[in-house]
Amino acid sequence: MNNETHTPSSDFAKEIALIPGGEVINKCIQCGICTASCVVACVDDQYRPRRLIQKILIGKRDEVLKSDQPWLCMTCRMCEERCQEGVSPAEIFHAVRILAVKEGHIPKVFQITVEKVLCDGWMLADAYTDFNEDEREDLGLNPALAWNDTFTKKVKKKYLAGEESA
Amino acid sequence: MTIDHTSKKSTSKLDVVSSEALVIGGGVAGMQAALDMANQGFKVHLLEKTPSLGGKMAMIDKTFPTLDCSACILTPRLSEVSRHPNIELHTYSDVISVAGRVGDFKVKIRKRARYVDEDKCSACADCVPACPVEVPNEFDQSLGFRKAIYQPFPQATPSTYTITKLGTPACREACPADVNPQGFISLMKEGRFHDALRIFRKSNPFPGVLGRVCIAFCEGECVRGELDESVSIRNLHRFLADYERKHGPDRPIEAKIDKDERIAVVGAGPAGLACGYHLVKMGYPVTVFEAQPEAGGLLRYGIPEYRLPRDILAEEIDWIAKHGVKIKTSSPVESIKSLKKEGFKAIFLATGASNSNKLGIAGEEAKGIYHASDFLERANSGKPYPLGEKVAVIGGGDAAIDSARVAIRLGAKEVTIVYRRSHVELPAIPSEVEDAREEGLNLLLLTNPIEILTSKDELRGIRCIKMKLGEPDHSGRRRPQVIRGSEFTLIVDNMIIAVGQSVTPKGLHEECDCSEWGTIKVNPLTLETNMEGVFAGGDVVLGPATAVKAVAHGKEAAISIDRFLRKVNVEADRIEERHRVRVEEVDMEKPTEPRVDMPKHGVAGRIQSYTEVELGFEQESATQEAERCLGCAICCECELCVEACTREAIDHKMQDEIIELPVGAIVLAAGYRLYDVSDYPRLGYGKFPNVIHAMEYERLINASGPTHGHLIKLSDGKLPKSIGFIQCVGARDVNRGVPECSRVCCMYGIKNAVMAKEHDPEIDVTIYYADIRAFGKGFEEFYNMAKDRFGIKFIRGRVGEVMEDRETGNLTVRVENTDEHAIQDIEHDLVVISPGIQPPWGLDVIASELGLELDETGYVPVKDELLAPVDTTIPGVFACGCVDSPKDIPDSVTAGSAAAMRATIILSQAEKKE
């Protein structure tokens with residue numbers, strides 16, 4: 001094993017421990033039960049929650065914050081349920097995401113999604129066709145989805161006023 | 001808890017009253033402590049909860065890291081302890097209370113009844129094949145079975161048997177005649193029908209008769225009823241009688257009359273005959289006098305033949321007669337005095353209550369109105385009363401239903417029961433009511449007759465009124481109330497009144513003190529009347545009751561008469577103190593299964609004649625029904641073990657014994673329990689048969705275990721080819737409140753893995769671990785040997801879950817191999833979970849008696865972990881073994897010796913004083 005495993009290269013773990021939800025990170029003994037229980041890890045051969053926590057512990061701050069991986073957690077909390085040491089990878093990755101956002105590291109796909117929602121009022125506006133319109137009408141629903149727009153406008157006005165003006 | 005902590009004198013000035021010690025727990029640590037104290041000359045009481053010393057070490061196959069045979073190491077220790085003159089064993093015992101202080105404790109213990117005399121029993125095992133009751137063997141982790149009378153393992157110490165008995169089952173408690181249903185049913189399960197019949201006849205000579213007409217109080221209380229339906233107890237003993245009729249008795253009947261005092265029984269009904277039967281079995285010459293031309297009483301004259309064929313009754317009466325009872329029919333007795341003059345030393349009056357009650361309304365004497373007892377008697381003697389087309393039967397008891405069904409058989413077209421309460425309160429046997437309805441009986445419930453309509457003194461109809469149910473009355477049944485203005489008329493040709501019976505106003509019984517209802521006043525316990533040597537029972541005492549109650553009276557009277565003639569106290573110790581097994585004590589985890597149906601004669605055929613309606617079980621269905629019995633009390637008290645034992649060591653009446661031990665010091669060595677791994681559903685224990693835990697594995701590989709040492713899969717009995725051992729389950733888990741390392745699992749896990757390879761080097765063995773703690777002498781070497789020499793695979797990673805292939809029963813373990821950062825699904829055909837260890841059940845109870853406060857994980861806290869590691873916080877109380885923390889065998893033994901030394905420092909001060 002190389003030296004960096006033993007001496008963290010940064011205070012990243014301490015930094016995470018200061019964020020609510022991240023306190024428990026130092027209890028991790030790297031047993032791997034989180035990975036063995038993870039529904040995402042089951043289908044993604046890159047995503048390994050234990051490995052990610054290991055990277056935090058050994059101080060790979062940049063690599064972790066710039067990575068897409070902390071964003072892949074589905075927060076199903078199965079890892080938290082099964083962890084015998086009281087660690088919650090779901091909470092830790094939430095803490096990592098808070099830090100990443102502060103430093104502007106948001107995966108492109110998340111940015112696009114959020115922007116889409118703020119703009120259209122819903123995520124799948126492009127998929128909304130005449131066909132759906134007819135169907136909604138048949139069901140006695142309002143075919144116009146402008147009310148979603150209204151809602152996001154309200155949200156933007158109330159919470160993101162600065163951004164809208166900018 | 002009354003321990004006095006106020007006297008905090010320094011040890012040197014201790015007032016030590018007793019130099020004896022108590023060791024709680026007979027495992028390897030407790031035995032070490034006991035031996036070390038006893039070898040210094042102190043008397044030691046060694047208390048063990050289970051029937052044998054040995055603790056968990058006796059269950060273990062091999063020790064680590066030396067791979068010694070656990071039993072071979074332990075057995076010499078067991079015999080050393082049992083033979084030591086200074087050690088007194090109290091096995092199968094519990095601590096009830098502790099009082100006093102260091103040097104002067106008073107400990108009350110309960111020595112539970114093992115129903116076998118330790119001194120007489122030679123552990124020859126003759127009783128084992130006689131016992132019909134099989135239960136899971138706890139010592140083998142319930143993988144195999146043992147009998148209710150058992151020895152946990154061959155080297156059990158003390159070398160004696162124990163009977164597991166919870167008390168008296170509900171069925172037996174419910175039976176007035178004290179028939180033992182669990183007893184005969186347990187034997188039926190094994191196909192021992194003759195033995196079963198003997199059990200029944202111990203308390204009741206009418207298996208076939210009551211197998212047809214008994215009200216079956218037992219079935220009402222049967223615990224199986226809480227699960228699905230009660231066991232058909234009545235039909236089962238009927239089967240036993242049918243079986244004997246078909247196959248003949250297995251032993252000849254011999255009358256053994258060896259006493260001189262002649263006894264007269266008046267009345268050959270169920271009470272009189274039962275009394276005669278029990279008396280001749282004791283050796284008394286008995287004569288039964290019967291006024292009617294044939295014996296049987298109400299069984300013959302009250303119960304129709306389609307329910308009780310006459311040959312069955314005659315055979316069972318004959319069976320009683322063969323035991324030596326003389327039955328004189330057509331012999332009315334003049335007076336009690338005349339009997340005494342004839343030289344009878346004791347008399348039992350059982351003349352019954354055959355007088356029909358009246359309705360008490362106008363017109364009851366009109367033509368066409370019969371009373372049930374007359375009506376049935378005439379019908380049963382072949383001289384029935386003439387009936388018209390429409391018949392009403394007033395009443396809801398068995399006599400009413402019987403009369404109605406006889407009326408149907410006599411050709412009445414429309415038979416109606418008129419009963420003033422509802423279906424629920426109907427006192428007749430429900431299955432009889434059901435059968436009668438199939439035969440076309442109408443039920444007019446919540447209806448009461450108020451006037452009899454006659455013309456020229458001949459019955460024309462009944463004026464009835466509708467009723468509703470009000471508050472319960474003194475009998476607990478809801479009192480019927482009249483609904484005003486609901487009167488209506490029922491046109492009938494005949495009416496049968498079946499509203500109960502009473503004792504005939506004139507008769508022999510008038511010579512005794514009678515109650516206002518005309519029944520004889522007796523001592524309810526002994527059935528003595530006011531006249532010396534005269535006893536009475538059955539309906540003449542109870543008023544109209546049931547056959548089984550009459551039989552019960554006959555039996556009790558026989559006991560009284562025997563005592564009276566032997567001139568011993570008739571009343572003393574008549575009521576046995578018994579514990580009725582409660583529903584929550586019974587293992588109810590059984591699949592539900594309805595009662596076996598009783599085959600019946602078809603309706604169309606049976607209403608033409610008096611042939612029997614219920615046809616009786618076949619052998620197969622009887623065995624099937626017997627298998628439904630839950631065996632509530634475990635030991636069924638068939639007492640066949642008593643017969644099998646040549647040393648008279650078995651005593652089913654043995655009682656728990658409570659004794660007080662004065663001791664100067666107490667050593668706690670209560671051991672541990674394994675974590676219940678079914679608490680981890682993701683690992684599949686309890687759900688998948690091939691997931692077992694380490695102690696089950698120990699028993700499976702042990703030569704004296706349930707498989708004689710063959711390591712097999714529980715799903716199919718085949719040898720496993722690939723075994724996975726899962727470590728750290730129920731230990732180091734903060735989520736389940738067990739944060740500590742159990743200290744032994746790593747090494748016993750590796751030992752178990754090595755043993756798998758020793759059994760078959762071809763088996764693929766993998767251990768899943770978080771880290772291996774091989775901290776003791778030789779441990780690391782053992783670990784390396786397992787890896788290098790035995791080729792055991794070690795995968796670092798805690799197991800996420802275990803999945804089962806439903807077809808093959810094989811198991812897939814999902815784990816992250818943390819060395820390779822890879823998720824792996826690895827297939828095994830056997831998975832062994834290594835559970836952590838926990839403080840034993842019941843330690844909290846003992847601790848609270850001692851005034852000890854347990855720590856948050858439930859262990860006994862020690863005074864100083866470095867300098868006083870076996871001293872508890874209570875002076876004079878010491879801890880060893882696993883009660884204060886998990887330990888392996890050598891550490892437990894070391895602690896045992898240490899605790900013994902600490903205790904004798906106190907005890908020796910008592911010696912100096914003397």
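Remember, predicted model here, so these are calculated numbers, not experimental data. (Residues numbered from 1 in each chain as written. Chains lettered and ligands numbered in written order. Predicted model: local features only at pLDDT ≥ 70, side-chain atom pairs only at ≥ 80, totals over all residues.)

### A closer look at the overall build of chain A
Of the regular secondary structure elements, chain A holds 11 helices and 0 strands. Counting from the amino terminus, chain A carries its helices and strands in the arrangement α-α-α-α-α-α-α-α-α-α-α. In chain A, which comprises 166 residues, the share counted as buried stands at 25%. At a minimum sequence separation of 6, the contacts of chain A that also span at least 24 residues come to 65%. (Helix = DSSP H or I, 4+ residues; strand = E, 2+ residues; numbered from the N terminus. Buried ≥ 20, exposed ≤ 12 C-beta atoms within 10 Å, placed from the backbone. Contact = placed C-beta atoms within 7 Å.)

### Considerations on the interface of chain B and chain A
Of the residues lining the interface, 18 residues belong to chain B; the matching set on chain A comes to 16 residues. Tallied by class, the residues present in the side of chain B that touches chain A amount to 6 nonpolar, 5 polar and 7 charged. (Nonpolar A, V, L, I, M, F, W, Y, C, P; charged D, E, K, R; others polar.)

### Digging into the domain arrangement of chain A
Annotation of chain A at the domain level lists domain 1 (11-102) and domain 2 (108-159). Computed over C-alpha atoms only, the centres of domain 1 of chain A and domain 2 of chain A are separated by 33 Å. (Domains from an automatic or database assignment.)

### A word on the environment of Lys43 of chain B
Residue and element names in this part refer to chain B. Structurally, the position occupied by Lys43 is in the loop between helix 1 (28-38) and strand 3 (44-47). The exposure class of Lys43 is partly exposed, given the 18 C-beta atoms found within 10 Å. Spatially, the C-alpha atom of Lys43 lies 6.4 Å from that of Ala21, the residues being 22 residues apart in sequence.

### Overview of the nonpolar core
With 159 residues, the main nonpolar core has Val393 and Ala536 of chain B as its most contacted residues. At 9 residues, helix 19 (residues 547-565) of chain B tops the list of elements feeding residues into this core. Filtering out sequence-adjacent residues up to four positions away, Val393 of chain B remains in contact with Ala400, Ser403, Ala404, Val415, Ile417, Val418, Ile496 and Ala498 of chain B. Membership of the second largest hydrophobic core comes to 147 residues, among which are Leu52 of chain A together with Leu22, Ala38 and Val870 of chain B. (Core = buried A, V, L, I, M, F, W, Y, C linked by C-beta atoms within 7 Å.)

### Details of the sheet that holds strand 37 (residues 830-835) of chain B
Residues and elements named next belong to chain B. Pairing in this open sheet of 5 strands is parallel, and the strands run 30-37-31-32-33 from one edge to the other. Where the open sheet ends on each side, the last strands, each with one partner, are strand 30 (691-693) and strand 33 (793-796). Ignoring strand direction, the axes of neighbouring strands in this sheet form an average angle of 25°. (Pairing = 2+ DSSP bridges. Axes fitted to C-alpha atoms, helices over the stretch in contact; angles between N-to-C directions.)

### What about the sheet that holds strand 35 (residues 811-817) of chain B?
Residue and element names in this part refer to chain B. Across the sheet, 3 strands lie side by side as 34-35-36; this open sheet has antiparallel pairing. Where the open sheet ends on each side, the last strands, each with one partner, are strand 34 (799-804) and strand 36 (822-828). Between one strand axis and the next, the sheet turns by 25° as a mean value, whatever way the strands run.

### What about the environment of Thr504 of chain B?
Residues and elements named next belong to chain B. If you trace the backbone, Thr504 turns up in the loop between strand 25 (501-502) and strand 26 (534-536). C-beta crowding within 10 Å serves as the criterion here: with 16 such atoms nearby, Thr504 is assigned to the partly exposed category. In sequence terms Thr504 and His708 are 204 residues apart; their C-alpha atoms lie 70 Å from each other. Contacts of Thr504, omitting those with residues within four sequence positions, involve Ser354 and Asn355.

### Some words on the pairing of strand 12 (residues 286-289) of chain B
Residue and element names in this part refer to chain B. Of the pairings in the sheet, the one linking strand 11 (residues 263-266) to strand 12 comprises 4 bridges and is parallel in character. Its bridge partner being in strand 12, Val266 is matched across the sheet by Phe289. Traced from strand 11 through helix 11 (residues 270-282) to strand 12, the parallel crossover comes out right-handed. In the sheet, strand 12 pairs with strand 13 (residues 325-328) via 4 bridges, with the strands oriented parallel. Of the residues in strand 13, the one forming a bridge with Phe289 is Lys328. (Right-handed = clockwise from strand over helix to strand, strands pointing away.)

### What about helix 26 (residues 843-850) of chain B?
The periodicity of an α-helix, 3.6 residues per turn, causes residues three or four positions apart to be oriented the same way. Among the residues of helix 26 of chain B, those classed as buried are Leu843, Ile846, Ala847 and Leu850 of chain B. Around the axis of helix 26 of chain B, the buried residues are gathered within 100° of arc, so they sit on the same side. (Arc of directions from axis to C-beta.)

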